[in-house]
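Notes for the structure review
Spelled out, the chains give:
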Amino acid sequence: MSHDFGAKPAVLRCARCGRFVDWDEARVQVICSCRPHIDLPPVLVREATDADRAAARELFHRDFGRTKVVAFGEIMDLDQMPALVAVMHAEPSGALAYRLLGDALHIVALATDPMWQRSGVGAYLVAEAELLARRLGLSRLIISTTNDNLPALYFYQRRGYRFSALATDSVITHTHQELAGFAGIPVRDEIRLEKRLG
Ligand SMILES: CC(C)(COP(=O)(O)OP(=O)(O)OC[C@H]1O[C@@H](n2cnc3c(N)ncnc32)[C@H](O)[C@@H]1OP(=O)(O)O)[C@@H](O)C(=O)NCCC(=O)NCCS
């Protein structure tokens, strides 16, 4: 069990030096709008083809250390879910796995290759998931993340997602241990967010 839901490998990229960084080594830093805009190739988002699935699997595996995730009280296998991929060059640089849950599109996992983080890949993937939800006539998008994942909490709230529930100790219930997450913060709780489509 601890292997299935074990520690996460390096998945983040230092905004200052560009080095890939482990969750527990990462730190929050306040910056102003001095950050330069980088000119990047266009991002193409599409439904994952069979050929894309191996790359998407690799991205999720690197981020979560596994392809099974726990969210909303369920264990889900990312290999069994539909996915969107974002392509900047030839290879997928980001992937988003989702499922339909009642009136919601559930973003089950979102991962950007550290090399391409802060290039708009995550934002394009989420925007496409929102378009898909609208096309399907759904009324909201839901996601869950862990209490330590400050980059994800920042990323989603910046894009209009609001806290909807806190599942205290739900991660510990599944991992049976207290892992060190972002900046060494103990990973304990599941934080759920939602965005209602107007
Ligand atoms: C959370 C995560 C998915 C964000 O993905 P991302 O591809 O880096 O996100 P984006 O590039 O779209 O946006 C991040 C920032 O880059 C900035 N950015 C985008 N394009 C840019 C460009 N051309 N030049 C400079 N900055 C740019 C965005 O403005 C945004 O910053 P802001 O919100 O302060 O304005 C990514 O950090 C990740 O994979 N984390 C690990 C896995 C994880 O935690 N997943 C979420 C839980 S399921």
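First, a word on scope: everything that follows refers to the structure included in this document.

Scanning the protein chain from terminus to terminus reveals four helices and 13 strands. Against the globule reference of 16 Å for 198 residues, the protein chain gives a C-alpha radius of gyration of 16 Å, in line with a compact fold. Taken along the three principal axes of its C-alpha coordinates, the protein chain extends 40 × 40 × 35 Å. Evaluated residue by residue, the protein chain yields a buried proportion of 46% over its 198 residues. The long-range fraction of contacts in the protein chain, counting pairs at least 24 apart against all pairs at least 6 apart in sequence, stands at 69%.

Counting 27 residues, the largest nonpolar core has Leu96, Leu105, Ile107 and Tyr156 as the members making the most contacts within it. Broken down by secondary-structure element, the contributors of at least two residues to this core are strand E6 (83-87), strand E7 (92-101), strand E8 (104-112), helix H2 (121-135), strand E9 (140-146), helix H3 (150-158) and strand E13 (190-196). Per-element accounting of this core gives the leading share, six residues, to H2. By size, the runner-up hydrophobic cluster in this structure holds 18 residues, among which are Ala48, Leu59, Val69 and Ala109.

Now for the sheet that holds strand E10 (residues 162-167). Strand order in this open sheet of seven strands is E3-E6-E7-E8-E9-E13-E10, and the pairing throughout is mixed. Bordering the open sheet on either side are strand E3 (44-47) and E10, each of which pairs with just one other strand. Averaged over all adjacent pairs, the angle separating strand axes in this sheet is 25°, with direction ignored. Set on the sheet, H2 makes contact with E3, E6, E7, E8, E9 and E13; between it and E8 the angle comes to about 165°.

Once that is clear, we can look at the side chain of histidine 106. Position of histidine 106 among the secondary structure elements: in strand E8. Not counting residues within four places of it along the chain, the set of residues in contact with histidine 106 comprises Ala71, Phe72, Met76, Ala97, Tyr98, Arg99, Leu101, Ile142 and Ile143.

For the rest of this paragraph, the subject is the site of the ligand. In the vicinity of the ligand lie 24 residues, with Ile38, Gly120, Asn149, Tyr154 and Arg158 positioned nearest. In the environment of the ligand, an oxygen atom lies 2.8 Å from a nitrogen or oxygen atom belonging to the backbone of arginine 118. Glycine 122 places a main-chain nitrogen or oxygen 2.8 Å from an oxygen atom of the ligand. Isolated, the ligand exposes 950 Å² of accessible area, and the fraction of that covered by the protein chains is 87%.

Under the criterion given, the structure shown has zero disulfides. With no disulfide partner, cysteine 14 has as its closest neighbouring cysteine sulfur the one in cysteine 17, 3.7 Å distant. In this structure cysteine 14 comes out as partly exposed when scored by relative accessible area, which is 25%. With no disulfide of its own, cysteine 34 has cysteine 32 as its nearest cysteine by sulfur position, at a separation of 3.7 Å. For cysteine 34, a relative accessible area of 56% puts it in the exposed group.

Right, let's talk about the packing of aromatic side chains for a bit. As enumerated under the stated definition, the model contains two aromatic pairs in all. Note on phenylalanine 155 and tyrosine 156: the rings are 5.2 Å apart at their centroids and 85° apart in plane angle, and the pair reads as edge-to-face. Across this residue pair, the class does not change: phenylalanine 155 and tyrosine 156 are buried. Measuring from ring centre to ring centre gives 5.3 Å for tyrosine 156 and tyrosine 161, while their planes differ by 70°; the resulting arrangement is edge-to-face. The same class applies to tyrosine 156 as to tyrosine 161, namely buried. Grouping aromatic residues by their ring pairs yields a cluster made of Phe155, Tyr156 and Tyr161.

A few words on the pattern of salt bridges. Under the criterion given, the structure shown has twelve salt bridges. Aspartate 103 is the partner of arginine 140 in a salt bridge, and the nearest nitrogen-oxygen pair spans 3.0 Å. Separated by 37 residues along the polypeptide, arginine 140 in strand E9 and aspartate 103 in the loop between E7 and E8 bring together distant segments of the chain. Judged by relative accessible area, arginine 140 falls into the buried class, the value being 19%. Salt bridges linked by common partners bring Asp103, Arg140, Glu194 and Arg196 together as one network.

Quick notes on the rules
- Residues numbered from 1 in each chain as written.
- Predicted model: local features only at pLDDT ≥ 70, side-chain atom pairs only at ≥ 80, totals over all residues.
- Heavy atoms only, no water.
- Helix = DSSP H or I, 4+ residues; strand = E, 2+ residues; numbered from the N terminus.
- Rg over C-alpha atoms; globule rule 2.2 N^0.38 Å.
- Buried < 20%, exposed > 50% of the residue type's maximum accessible area, 1.4 Å probe, protein only.
- Contact = heavy atoms within 4.5 Å.
- Core = buried A, V, L, I, M, F, W, Y, C linked by side-chain atoms within 4.5 Å.
- Pairing = 2+ DSSP bridges.
- Axes fitted to C-alpha atoms, helices over the stretch in contact; angles between N-to-C directions.
- Near = heavy atom within 4 Å.
- Polar contact = N/O pair within 3.5 Å; in protein donor to acceptor, adjacent residues only side chain to side chain.
- Areas by Shrake-Rupley, 256 points an atom, 1.4 Å probe, with all protein chains shown as cover.
- Disulfide = S-S within 2.5 Å.
- Phe/Tyr/Trp six-rings, centres within 6.5 Å; stacked < 30°, edge-to-face > 60°.
- Salt bridge = Lys/Arg side-chain N within 4 Å of Asp/Glu carboxyl O.

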